[in-house]
Amino acid sequence: MDYRWPDEYLAFRDEVESFIHEWRTPELLAEQRELEGAPGPLSRKYYEALQKKGWMRMCWAKEMGGDGRDPLYQFILVETMEYWRMPYGNLTFTSVAPSIAQYGTEGQKAAYLPGIWNGELTFAIGYSEPNAGTDLASLRTKGEKVDGGWKVNGQKIWTSLAAHSTHIWLATRTDPDAKKHQGISVLIVKTDSPGVTIRPLQTVSGLKTYETFYDDVFVPDEDVLPPLHGGWSIIMHALNHERVGLSPTSNLARNYDVLVEYLQKNAPHKLADPVVRNRLAELRVELQRHRALAIRNAVTIARGAIKPGEASMAKISGSELRYRITTLAMDIAGRAGGLARDDARSIEGGLIQNNYLASPILRFGGGTNEVQRSIIATRHLGMTR
Amino acid sequence: MNPDLSETQSLLQTTMRQYLETEIPFDRVREHEEKRVADAELWKAMAGQGWLGIPLPETVGGGGAGLVEAGIFVHELARRAVVVPGAEVMTAAVMLARHADGDESEILAALVDGNAIVVPAHLEAADDLEKVDAAVDAEGRLAGAKHYVDYADFATHHLVTARGTEGLGLYLVERSAPGVSTEALRSTGRTPQAIVTYRDVPARRVAGEAAVGQLIDLARTFASTQILACMEVSLEQTVAYTNVRVQFGQPLAAFQAVQHHAANMCMHVESSRFLVYELLDALEDGRASSDDAALVKASLSRAVPEVTMLGHQLHGGQGLIEENDLYFFTIRGKDRALAWGSAEECLAILARDVETPPRWL
Ligand SMILES: Cc1cc2nc3c(=O)[nH]c(=O)nc-3n(C[C@H](O)[C@H](O)[C@H](O)COP(=O)(O)OP(=O)(O)OC[C@H]3O[C@@H](n4cnc5c(N)ncnc54)[C@H](O)[C@@H]3O)c2cc1C
């Protein structure tokens, strides 16, 4: 037992921080907002620099083209980047690329990985459908075998980034006769393929996402991830890659810091109020509770152990604390706490308000918290299914 | 970053757990609880096992281990709800071994053997941990009263906070000295607690003002450790019970709402385990501050009623009868939530400095 972070991890955190301060310009942030996180000219340059650092693949096995570093480095990268809300690889990097590296054919690796690294290729994730949300395996978008490939028909929803992406990572039912989890394949679909239609959906936090429609879209055989009909395990594997930093403490702590800084500058009388100070003290307690679960999960994953309950605990606690911390921060800040990011008077670009409105997605997305709680009960505590 | 017990730490944990589970039936705990007297036989037996001196130097016969090991000792005792001053004696022993001004090896050797039993006596009538009125005069005579002193009568000595001619400090007082009188209290936890009055009692100064804060931090941390144990067992018993209790044709555990209550209990237990042991580990080499100890105590003191009351919710009527073992952890947990700073008191301490950014790594 030793709860200290060894010096090399702390040195890495410092290295990441100075990199962030070098690149975190107002122009880059503006571009990020505009493109909803998809790469534009500035962030392409930023990604190039990030790529040179080798951080995005540092924890991959050497055989997969990585550096074989301990996954706690990934944890530290995520925590540090998340504090400053810097992009460090969206799902294309954390989910698609590792899956191609692990499951892809040699041809697929050659065709996609280099482009992903230099930011030319970006993927949207096409899993959810109007009638397949939490129960993802009931998805119905279907692929029929045709000469040289597959003909895809169906509809996806919440295909985030679709309008800014070159490809869609599409979960498709390729064997309608197999059991629910067994007839699914992952197809790589170009967003400009004939038959693909993209329609925007506006969410309440300001973030856009998309519905995507597939009408007789042709996907060549070489763009089907092996094993055919074995896509469910690829989807699960892809989700696994997000687990180590799945619920950072730092971006929650940032809300706290932004609030305190705001009060110090603009409302010192509120900060002097013992009731307010007490509420802030409670938030500190909650932040430490979450930090405990997040680090616990990261350490377990870094050791290569599999404890799904720990990931679930971190996911639930982070997502639910986001709502609690932001609602309280808005209350304490007062009317200014309710200003949206398109108001110049908003606090730190409306960060807290925006986090409040965006908090539901983290609770029901990525495996809804109700299901996560049952995972804790059955798999961690051994309760009867 | 390694939050897991080492091999020797795990060995201590399993050895103690097995020993207590086989040697101490819960009915024996009930007997001592009813009479509100310590289990002297168990204390002797533990001296025989060499557990009483775990964090003490080997030169006095101790185990030469650290606060994490002392924490494991406190944790395991609390898991069995036994009526012995494990946390109290560990607090006093560590203070005497590490923070005393002079050489206390004589009393430390007696502590290891179980012949001396030293418990802290700090809180006064004002119910304010920061207020000390007990006074020691120039002749070294103590006058004052201490409240909610755990195991005051089982102890051979009290480690008393008082103001002397050299200022605030820790004083060692013999329980059997004339002028020491006790008045038993009947508190929620059903362990022996008393108001102790000291009238012109010989008191020996062993440490200065800084030690008083350290004593509170340590006692507070061990109280958090005891709370952790209570929540842990409450959850374990709840999982076991709901797995066998059948209603509507299925075990209660298979109902999603029941699972969700248990998951919420579990998140408290797991985050608390990390926080308590991180604190013990950090106190060992002085990395932890008083704020850290207060934060952990605030967290656990808030969590324990939630966890134990959900345990009751899922046990239904069974959990409320005293033949069932669940209640031990409900009452001990709540009692320790109040001891050495309630959630409210600890939050008030944290509230003094909310400007420093919270730690996230
Ligand atoms: C902004 C945004 C971006 C997204 N981005 C993507 C993306 O890029 N790619 C993608 O594929 N998907 C994406 N999603 C979809 C997201 O993964 C789904 O919203 C999520 O899986 C939940 O599905 P659903 O919305 O259909 O809710 P439902 O499945 O209908 O669930 C609604 C609620 O019902 C309850 N519930 C459901 N099942 C159970 C159960 N078994 N037990 C108890 N309660 C249950 C829970 O409370 C749950 O939260 C995005 C969603 C949003 C809002």
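Since the structure is predicted, the reported quantities are computational estimates derived from the model, not experimental observations.

Novice: Can you break down empty space enclosed by the protein residue by residue, with the values?
Specialist: Residues and elements named next belong to chain B. Under the criterion given, the structure shown has three cavities of 30 Å³ or more. Considering only enclosed or pocket space, the largest cavity measures out at about 220 Å³ in volume. Lining the largest cavity are 17 residues, with Val-82, Tyr-151, Thr-191, Gln-226 and Arg-332 positioned closest to its centre. Its residues placed into classes, the lining of the largest cavity shows nine nonpolar, three polar and five charged.

Novice: How would you summarise the site of the ligand if you had to cite specific residues and measurements?
Specialist: Around the ligand, 14 residues are found, and the nearest of them are Ile-125, Thr-134, Trp-158, Ser-160 and Thr-368 of chain A. Taken together, the residues near the ligand originate from chains A and B. Residue Tyr-127 of chain A places a main-chain N or O atom 3.0 Å away from an oxygen atom belonging to the ligand. Within the side chain of Gln-256 of chain B, an N or O atom sits 2.9 Å from a nitrogen atom of the ligand. Burial of the ligand by the protein amounts to 66% of the accessible area it has alone, namely 970 Å². Looking at the shell around the ligand, the elements that each hand over two or more residues are helix H12 (351-364) and helix H13 (369-380) of chain A. When grouped by side-chain class, the residues that make up the shell around the ligand number six nonpolar, seven polar and one charged. Split by domain, the shell around the ligand shows at least three residues from each of two domains, domain 2 (123-231) and domain 3 (243-380) of chain A.

Novice: Quick one: what's the story with the domain arrangement of chain B, residue by residue and with numbers?
Specialist: All names here are of chain B. By the assigned domains, chain B splits into domain 1 (7-116), domain 2 (119-207) and domain 3 (211-351). Its C-alpha centre places domain 1 at a distance of 21 Å from the equivalent point of domain 3. At the junction of the two partners, domain 1 supplies 25 residues and domain 3 supplies 28 residues. In total, about 2,200 Å² of surface goes out of reach between domain 1 and domain 3, with carbon and sulfur atoms giving 62% of it. The largest share of the area that domain 1 buries against domain 3 comes from Leu-67, His-75 and Arg-79, three residues that together contribute 26% of it. Across the domain 1-domain 3 interface, the total number found is six salt bridges. Between Glu-232 and Arg-79 there is a salt bridge; the shortest N-O distance is 2.5 Å. Run the count over domain 1 and domain 3 and you get 14 residue pairs in polar contact (both at pLDDT 80 or more).

Novice: Now, about the side chain of Gln-372 of chain A: what can you tell me, with residues and values included?
Specialist: Within the fold, Gln-372 of chain A resides in helix H13. When residues no more than four places from it in sequence are discounted, the contact partners of Gln-372 of chain A are Ser-312, Lys-315, Ile-316, Gly-366 and Gly-367 of chain A.

Novice: Which residues make up the side chain of Arg-296 of chain A, and what are the values?
Specialist: The topology assignment puts Arg-296 of chain A in helix H10 (residues 274-302). Setting aside its immediate chain neighbours within four residues, Arg-296 of chain A contacts Arg-303 and Glu-310 of chain A together with Pro-3, Asp-4 and Phe-274 of chain B.

Novice: With reference to specific residues and values, describe the domain arrangement of chain A.
Specialist: All names here are of chain A. Domain boundaries assigned for chain A yield domain 1 (7-89), domain 2 (123-231) and domain 3 (243-380). Domain 1 and domain 3 are separated by 21 Å when their C-alpha centres are compared. Taken together, the contact pairs 13 residues of domain 1 with 19 residues of domain 3. Between domain 1 and domain 3, a total of about 1,300 Å² is buried, with carbon and sulfur atoms accounting for 61% of that surface.

Novice: Tell me about H13 of chain A, and please be specific about residues and values.
Specialist: Of all the residues in H13 of chain A, the buried ones are Asn-369, Gln-372, Arg-373, Ser-374, Ile-376, Ala-377 and Thr-378 of chain A. Looking at the packing, one finds that the buried side of H13 of chain A touches helix H11 (308-333) and H12 of chain A together with helix H8 (256-284) of chain B. Gly-382 of chain A, located one to two residues past H13 of chain A, shows a positive phi value of around 75°.

Novice: Before we move on, could you go through unusual backbone geometry and cite the residues and values that matter?
Specialist: The peptide bond linking Pro-226 of chain A to Pro-227 of chain A adopts the cis configuration, its omega dihedral lying at -5°. In this structure, Pro-227 of chain A sits in the loop between strand E7 (208-220) and helix H7 (231-240). Its identity as a non-glycine residue notwithstanding, Asp-216 of chain A has a phi of 50°, on the positive side. In this structure, Asp-216 of chain A sits in strand E7. Residue classification places Asp-216 of chain A among the partly exposed residues on the basis of a relative accessible area of 48%. Non-glycine residue Tyr-151 of chain B carries a positive phi angle of around 55°. Turning to its location among the elements, Tyr-151 of chain B is positioned in the loop between strand E3 (141-150) and strand E4 (157-164). Overall, the relative accessible area of 3% leaves Tyr-151 of chain B in the buried class.

Conventions used here
Residues numbered from 1 in each chain as written. Chains lettered and ligands numbered in written order. Predicted model: local features only at pLDDT ≥ 70, side-chain atom pairs only at ≥ 80, totals over all residues. Heavy atoms only, no water. 1 Å grid on protein atoms, 1.4 Å probe; cavity = no way out; pocket = protein on both sides within 12 Å on 5 of 7 lines; lining within 4 Å. Points joined across faces, edges and corners; volume = space filled by probe spheres on them. Nonpolar A, V, L, I, M, F, W, Y, C, P; charged D, E, K, R; others polar. Near = heavy atom within 4 Å. Polar contact = N/O pair within 3.5 Å; in protein donor to acceptor, adjacent residues only side chain to side chain. Areas by Shrake-Rupley, 256 points an atom, 1.4 Å probe, with all protein chains shown as cover. Helix = DSSP H or I, 4+ residues; strand = E, 2+ residues; numbered from the N terminus. Domains from an automatic or database assignment. Contact = heavy atoms within 4.5 Å. Buried area = accessible area lost by both parts, 1.4 Å probe. Salt bridge = Lys/Arg side-chain N within 4 Å of Asp/Glu carboxyl O. Buried < 20%, exposed > 50% of the residue type's maximum accessible area, 1.4 Å probe, protein only.

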